[in-house]
Amino acid sequence: MFTADHHQTATLERPAPSAIRGGTAVRVLPAVSDSVPALRRFARDVVRQWALPGSVDEAVALIVTELAANAVRHSGSSDVTVRLGVDRRGLTVEVRDRGQWRSACAAAAADRPGGWAESCGGRGLSLVRAYASACIVWFERTGTRVVATIPLASAAAGH
């Protein structure tokens, strides 16, 4: 059974509340289903500590949930890493695994012009892209890395 004691957290650099200069936060957890809500809580806690707009909180919760769940379901990795970075332009969410995707989705994505979402039939990355200004997926020999950016300017305006 997964417990909160089985996680690793890198240092959390807090940006200045008045003017966001930059900050990073990282959490690595086992690639099990109980880690998905734990990673979502971690991301939301960081966004709140950094005093980012409420719409960023909702966006990061959805993005981390979708990407971490994909890693747990499909990668075969022993762990999943969530890295958050913030600067004046936006919040960057990076989710990594160290596995090789077990489903036919990765192979089908390479063969389809529409890419990942259409070949897998899921809506996860479509939802991520709806909340992010950019979303890039890399399938590498060392695992999969997905980076999504949530703009702060539109979030502050009620995106």
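The notes below deal with the structure included here. Just so it is clear, the model here is predicted, and its values are computed rather than measured.

**With respect to the nonpolar core**
- Counting 37 residues, the largest nonpolar core has Val60, Leu84, Leu91 and Val93 as the members making the most contacts within it.
- Of all the elements in the fold, those that place two or more residues in this core are β2 (23-30), α1 (35-49), α2 (54-74), β3 (79-86), β4 (90-97), α5 (124-131) and β6 (143-151).
- Broken down by element, the residue count for this core peaks at 10 residues, all from α2.
- Dropping the residues within four chain positions of it, Val93 is found in contact with Val60, Ile63, Val64, Arg83, Leu84, Val146, Val147, Ala148 and Ile150.

**Concerning the pairing of β3**
- In terms of burial, β3 is a largely internal element, seven of the eight residues being buried.
- Looking at chain direction, β2 and β3 are connected through eight bridges and run antiparallel. If you follow Val28 over to β3, its bridge partner there is Thr81.
- Across seven bridges, β3 lies against β4 in antiparallel orientation. Opposite Leu84, over in β4, you have Val93 as the bridge partner.
- Hairpin connection of β3 to β4: three residues between the antiparallel strands.

**Considering empty space enclosed by the protein**
- A complete count under the given rule lists one cavity of 30 Å³ or more for this structure.
- Approximately 110 Å³ is the volume found for the largest cavity.
- The wall of the largest cavity is formed by 13 residues, among which Leu67, Asn70, Trp101, Thr144 and Val146 lie closest to the centre.
- Secondary-structure elements contributing two or more residues to the lining of the largest cavity are α2, β4, β5 (134-140) and β6.
- Looking at the lining of the largest cavity, its residues break down into nine nonpolar, two polar and two charged.

**As for the packing of aromatic side chains**
- By the definition in use, this model includes zero aromatic pairs.
- When the ring centre of Trp138 is taken as origin, the NZ or CZ atom of Arg145, which lies over that ring, is 4.0 Å away.

**Some remarks on the pairing of β6**
- Counting buried residues along β6, eight of its nine residues qualify, which places the element largely inside the surrounding structure.
- When β4 meets β6, the two strands line up antiparallel, connected through eight bridges. Bridging from a neighbouring strand, Val93 pairs with Ala148 of β6.
- Pairing of β5 with β6 involves seven bridges; the strand directions are antiparallel. Counterpart to Val137 in the pairing with β6 is Val146.
- Connecting the antiparallel pair β5 and β6 is a turn made up of two residues.

**Describing the environment of Asp97**
- Tracing the backbone through its elements, the reader meets Asp97 in strand β4.
- Along the sequence, Asp97 and Val146 sit 49 residues apart, while their C-alpha atoms lie 9.3 Å from each other.
- Side-chain polar atoms of Asp97 contact the backbone nitrogen of Gly99, separated by 3.1 Å.

Rules used throughout
Residues numbered from 1 in each chain as written. Predicted model: local features only at pLDDT ≥ 70, side-chain atom pairs only at ≥ 80, totals over all residues. Heavy atoms only, no water. Core = buried A, V, L, I, M, F, W, Y, C linked by side-chain atoms within 4.5 Å. Buried < 20%, exposed > 50% of the residue type's maximum accessible area, 1.4 Å probe, protein only. Helix = DSSP H or I, 4+ residues; strand = E, 2+ residues; numbered from the N terminus. Contact = heavy atoms within 4.5 Å. Pairing = 2+ DSSP bridges. 1 Å grid on protein atoms, 1.4 Å probe; cavity = no way out; pocket = protein on both sides within 12 Å on 5 of 7 lines; lining within 4 Å. Points joined across faces, edges and corners; volume = space filled by probe spheres on them. Nonpolar A, V, L, I, M, F, W, Y, C, P; charged D, E, K, R; others polar. Phe/Tyr/Trp six-rings, centres within 6.5 Å; stacked < 30°, edge-to-face > 60°. Lys NZ or Arg CZ within 6 Å of the ring centre and 35° of its normal. Polar contact = N/O pair within 3.5 Å; in protein donor to acceptor, adjacent residues only side chain to side chain.

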